[in-house]
Amino acid sequence: MMIHLLSPSYSGSDAQLHCGHKVMSAVIGRNGLTAQKHEGDHATPIGIFPLRKVYYRADRIEKPQTILPVEPLSRNDGWCDDQHNSDYNRFIKLPHPARHEQLWREDNVYNLIVVMGYNDSPIVPGRGSAIFMHLQRPDRTPTEGCLALSESDLRAVLSAGADAVQVHAPG
């Protein structure tokens, strides 16, 4: 099932995620939407992306119901965001010599992560990495390019059988 993200403009961080007949409040990248994504631009890419896998903090939340592969996170899980490394835009185990993002975080935003199939087939260095659906911060601040939902909404998306997301251009 395809879900749809709509935003009123290319800038800002307020968006709506449509899952079946339900409309959910979503947060996107600080610099809005872009068709020309690149590493570190803090924008959310436009396009159709398969949902690849779900990671979750088993010490904090219950396993989500989904048709996607699910794996609990561990303290040494990360994601490489170093465009000069052969592991760029891939799940990695820590410690890792290249620049990376740690998936086991003190805040709660990565308690539930859905890996979006952005820039992964093939991976193009510098086109952007670690594009996920994850949990919103309590103050709903923008992401660095991911889509963020409340935990109840992200669980609803997963249990509805979502396997792809289309991020629409404004207009």
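Residues numbered from 1 in each chain as written. Predicted model: local features only at pLDDT ≥ 70, side-chain atom pairs only at ≥ 80, totals over all residues. Heavy atoms only, no water.

**Quick word on the overall build of the chain**
- The helix and strand inventory of the chain stands at 1 helix and 14 strands.
- The C-alpha radius of gyration computed for the chain amounts to 15 Å, which stays within 12% of the reference 16 Å derived for 171 residues, consistent with globular compactness.
- With the principal axes as the frame, the chain shows a C-alpha extent of 45 × 35 × 30 Å.
- Taking all 171 residues of the chain together, 49% fall into the buried category.
- The contacts in the chain between residues at least 6 apart in sequence include a share of 57% that link residues at least 24 apart.
- In the form shown here, the chain has an accessible surface area of approximately 8,000 Å², with 50% of it arising from carbon and sulfur atoms. (Helix = DSSP H or I, 4+ residues; strand = E, 2+ residues; numbered from the N terminus. Rg over C-alpha atoms; globule rule 2.2 N^0.38 Å. Buried < 20%, exposed > 50% of the residue type's maximum accessible area, 1.4 Å probe, protein only. Contact = heavy atoms within 4.5 Å. Areas by Shrake-Rupley, 256 points an atom, 1.4 Å probe, with all protein chains shown as cover.)

**Quick notes on the side chain of Asn119**
- Along the polypeptide, Asn119 turns up in the loop between strand 11 (112–116) and strand 12 (132–135).
- The buried category is assigned to Asn119, whose relative accessible area is 9%.
- Among the polar contacts made by the side chain of Asn119, one reaches the main-chain amide nitrogen of Val124 at a distance of 2.8 Å.
- At a separation of 2.9 Å, a polar atom in the side chain of Asn119 contacts the main-chain carbonyl oxygen of Gly128.
- When neighbours within four sequence positions are excluded, Asn119 is seen to be in contact with Tyr88, Asn89, Val124, Arg127 and Gly128. (Polar contact = N/O pair within 3.5 Å; in protein donor to acceptor, adjacent residues only side chain to side chain.)

**So, the sheet that holds strand 9 (residues 91–93)**
- Ordered by their spatial adjacency, 3 strands build an open sheet running 9-8-10, and the pairing between neighbours is antiparallel. Only two strands of the sheet have a single neighbouring strand rather than two, namely strand 9 and strand 10 (100–102). On average, each strand axis in the sheet is inclined to that of its neighbour by 40 degrees, with strand direction left out of account.
- Looking at chain direction, strand 8 (residues 77–80) and strand 9 are connected through 3 bridges and run antiparallel. Considered in strand 9, the bridge of Gly78 is made with Ile92. (Pairing = 2+ DSSP bridges. Axes fitted to C-alpha atoms, helices over the stretch in contact; angles between N-to-C directions.)

**Overview of unusual backbone geometry**
- Cis peptide bonds are those with omega within 30 degrees of zero, and the linkage from Leu94 to Pro95 qualifies with 5 degrees.
- With respect to the helices and strands, Pro95 occurs in the loop between strand 9 and strand 10.
- Here the residue pair Ser121 and Pro122 is connected by a cis peptide bond, since its omega of 0 degrees sits within 30 degrees of zero.
- Mapped onto the fold, Pro122 is located in the loop between strand 11 and strand 12.
- Phi at His42 is positive, roughly 60 degrees, even though this residue is not glycine.
- Examined against the element boundaries, His42 turns out to sit in the loop between strand 4 (33–34) and strand 5 (44–45).
- Overall, the relative accessible area of 19% leaves His42 in the buried class.
- The backbone of Asn119 shows a phi angle near 55 degrees, a positive value even though the residue is not glycine.

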